[in-house]
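Structural characterization, general
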Amino acid sequence: MSRPVSRISINTGGGDAPGLNAVIYSVVNSASRLGWKVLGIREGFDGLVYPERYPDGGVMELTPEKVKNIPHLGGTMLGTTNRGNPFRALVDGKEVDLSDRVMEGFRRHQIDAHVAVGGDGSLTIALQLHRKGLRVVGVPKTIDNDLESTTLTFGFASAVSFATECIDRLHMTAQAHRRILVVEVMGRNVGWIALYAGIAGQADAILIPEVPYDLSKVAGHLRRATEGERQHAIVVVAEGAKPAGGEATVKSREPGRVERLGGIGESVAKDLERLTGRETRAVVLGHLLRGGSPVAQDRILGLAFGAGAIQALQKGLDGVMVALNPPRLEFVPLADAVVRQRPVPLEGEAVIAARTLDICFGD
Ligand code: F6P
């Protein structure tokens, strides 16, 4: 028999994604209907590791009244960090394990169970804390849509929708100047955002990490595509895309966090200009894809995931992640959910549709 729950906490970790506030709203309202109290931990687990940094001690009580106007807002009312791994905290330039402080914080606040909202990095931390005795349910979050075990994460639809709107705009200026425009989008090691936005925005070429590219093939395709009346082209490139036999472009490496990708758009644009002889410019959409209000689908997914997390705790589940397996929400072991990232399936309907529409992948 699992212990009864009456006091829970929630945190948001890693890069923000539109829909986080919808999850918080849903967790608070679903829990309070059961008579449970909810505490919000600030900025990943930093609110527990460094309580002295926060005027409210790093933890705030969340009531339905406090969260009533947030589900439609981007960002996260709790704040987040992707430098917040307590198992690898940086103190005076050295990595140290401060996870006991987190566990002590949970005890101090008499928290019975925790809802961890995050991507693979944050959910791995949640799993490690679970192994130290924390009762935890994970909620998958990321614009990258790269989590194994759930067919969709919230944030992805909003990112795709905004990227598509940008591509629509870029078509117009590219057409006016007869240019090639290269649009770099986030997505880390997978190409979901590039693929979906590229198809929706009628790109001529889409470069994704799952298909190492040969730029001479892309250039040949663009030359043919701009031979007739249409004199412009759009290339969508995922930040993690790599040439055949090459590596992804890393922008920076810092201790205590995963490497930052970025810069591929500019180098692809330079090479395509040389190979095609056509003026080519690069645009990096970057963090614009994470900001802004969640589209309806992400709000609904966030609300459903939040309610699902409370259902999991009610059922007495522990060490699981809420996952979408349409039409149902399922609870999968956290340990299975964070093993590997979910790449775009090359035999999937989106890649097949793109190829049928003569969109070039550079292979
Ligand atoms: O995982 C979400 C994400 O936006 C990735 O697409 C991107 O590579 C990374 O976070 C950027 O992180 P940061 O905001 O720390 O640069």
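Residues numbered from 1 in each chain as written. Predicted model: local features only at pLDDT ≥ 70, side-chain atom pairs only at ≥ 80, totals over all residues. Heavy atoms only, no water.

Some remarks on the site of the ligand
As a matter of local geometry, the ligand sits amid Asn82, Ile143, Asp144, Met186, Gly187, Arg188, Glu239, Arg257, Arg260, His287 and Arg290. Within the contact set of the ligand, an oxygen atom lies 2.7 Å away from a side-chain nitrogen or oxygen of Asp144. Out of a free accessible area of 400 Å², the ligand has 85% covered by protein chains. In this structure the site holding the ligand corresponds to the largest pocket. Looking at the shell around the ligand residue by residue, the class counts come to two nonpolar, three polar and six charged. Inspection of the shell around the ligand shows a minimum of three residues originating in each of domain 1 (7-154 + 294-326) and domain 2 (158-291 + 345-356). (Near = heavy atom within 4 Å. Polar contact = N/O pair within 3.5 Å; in protein donor to acceptor, adjacent residues only side chain to side chain. Areas by Shrake-Rupley, 256 points an atom, 1.4 Å probe, with all protein chains shown as cover. 1 Å grid on protein atoms, 1.4 Å probe; cavity = no way out; pocket = protein on both sides within 12 Å on 5 of 7 lines; lining within 4 Å. Sits in = over half its atoms within 2 Å of the grid points. Nonpolar A, V, L, I, M, F, W, Y, C, P; charged D, E, K, R; others polar. Domains from an automatic or database assignment.)

Overview of the domain arrangement of the chain
You can read the domains of the chain as domain 1 (7-154 + 294-326) and domain 2 (158-291 + 345-356). When each unit is reduced to the centre of its C-alpha atoms, the spacing between domain 1 and domain 2 is 33 Å. Across the contact, 15 residues belong to domain 1 and 16 residues belong to domain 2. Buried surface at the junction of domain 1 and domain 2, both sides included, amounts to about 1,400 Å², of which 47% is carbon and sulfur. It is Arg83, Ile143 and Asp144 that lose the most area in domain 1 upon contact with domain 2, and together they represent 37% of the buried surface on that side. If you look at where domain 1 meets domain 2, you find four salt bridges. The residue Asp16 makes a salt bridge to Arg290 at a minimum N-O spacing of 2.8 Å. (Contact = heavy atoms within 4.5 Å. Buried area = accessible area lost by both parts, 1.4 Å probe. Salt bridge = Lys/Arg side-chain N within 4 Å of Asp/Glu carboxyl O.)

A look at the environment of Asn85
By secondary structure assignment, the location of Asn85 is in the loop between strand 3 (59-62) and strand 4 (89-91). C-alpha of Asn85 to C-alpha of Gly201: the two residues are 116 residues apart in sequence and 37 Å apart in space. (Helix = DSSP H or I, 4+ residues; strand = E, 2+ residues; numbered from the N terminus.)

A few points about unusual backbone geometry
Note the cis peptide between Pro326 and Pro327, where omega equals 5 degrees. The topology assignment puts Pro327 in the loop between strand 14 (320-325) and strand 15 (328-333). You will see that Asp92, though not glycine, has its phi angle at about 50 degrees, which is positive. The residue Asp358 is not glycine, and still its phi comes out positive at about 65 degrees. Position of Asp358 relative to the elements: it lies in the segment after helix 11 (349-356). Assessed through its relative accessible area of 54%, Asp358 is described here as exposed. (Buried < 20%, exposed > 50% of the residue type's maximum accessible area, 1.4 Å probe, protein only.)

Some remarks on the pairing of strand 10 (residues 233-238)
The two faces of a sheet get side chains in turn, since along a regular strand they alternate between them. With six of six residues buried, strand 10 is to be regarded as a mostly interior element. Here strand 10 shows two buried faces, one formed by Ala233, Val235 and Val237 and the other by Ile234, Val236 and Ala238. Two strands pair when backbone bridges link them, and strand 8 (residues 180-185) and strand 10 are joined in this way by six bridges, in the parallel orientation. Following the sheet pairing, Ile180 is matched in strand 10 by Ala233. Note that the unit made of strand 9 (residues 205-207), helix 7 (residues 215-225) and strand 10 has a crossover that is right-handed. (Pairing = 2+ DSSP bridges. Right-handed = clockwise from strand over helix to strand, strands pointing away.)

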